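Residues per chain are reported as follows:
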Amino acid sequence: MGKKKKKNHALRRELDTYARRGILLCLDGEPSTPGKIAKACSVAEKGVYMRDYVQNERGELEKLGFDFVKER
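Our subject in this report is the structure included herewith. (Residues numbered from 1 in each chain as written. Predicted model: local features only at pLDDT ≥ 70, side-chain atom pairs only at ≥ 80, totals over all residues. Heavy atoms only, no water.)

Brief notes about the pairing of strand 4 (residues 61-70)
Here 4 bridges tie strand 1 (residues 24-27) to strand 4, and the two strands are oriented parallel to one another. Its bridge partner lying in strand 4, Leu25 is registered against Leu64. The sheet contact formed by strand 3 (residues 47-55) and strand 4 spans 9 bridges and is antiparallel. The partner of Asp52 across the bridge, within strand 4, is Gly65. The turn linking strand 3 back onto strand 4 is made up of 5 residues, and Gly59 within it adopts a positive phi angle of 85 degrees. (Pairing = 2+ DSSP bridges. Helix = DSSP H or I, 4+ residues; strand = E, 2+ residues; numbered from the N terminus.)

In structure tokens:
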């Protein structure tokens with residue numbers, strides 16, 4: 001398995017864990033799936049996806065967003 005595939009596979013496993021815990025996953029502001037997010041991160045050109053961790057009032061993670069940020 002290539003380095004990029006390993007990284008994509010690791011991200012997918014991580015996101016699957018969040019999804020199983022009931023944490024909302026979003027891609028560019030819209031609800032998404034672990035597979036779609038991992039794929040978007042692996043094929044992003046001229047930019048990267050930045051993570052945004054959103055906590056509830058008790059400090060627990062309730063949403064994990066991935067937002068595209070263009071390179072300069």
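Concerning a nonpolar patch on the surface
Taken together, the side chains of Val48, Met50 and Val69 define a hydrophobic patch exposed on the protein surface, amounting to about 250 Å² of accessible area. Secondary-structure assignment places Met50 in strand 3. Exposure remark for Met50: the relative accessible area of 46% places this residue in the partly exposed category. (Patch = residues over 30% accessible without salt bridge, like charges linked within 9 Å, V, L, I, M, F, W, Y side chains within 5 Å. Areas by Shrake-Rupley, 256 points an atom, 1.4 Å probe, with all protein chains shown as cover. Salt bridge = Lys/Arg side-chain N within 4 Å of Asp/Glu carboxyl O. Buried < 20%, exposed > 50% of the residue type's maximum accessible area, 1.4 Å probe, protein only.)

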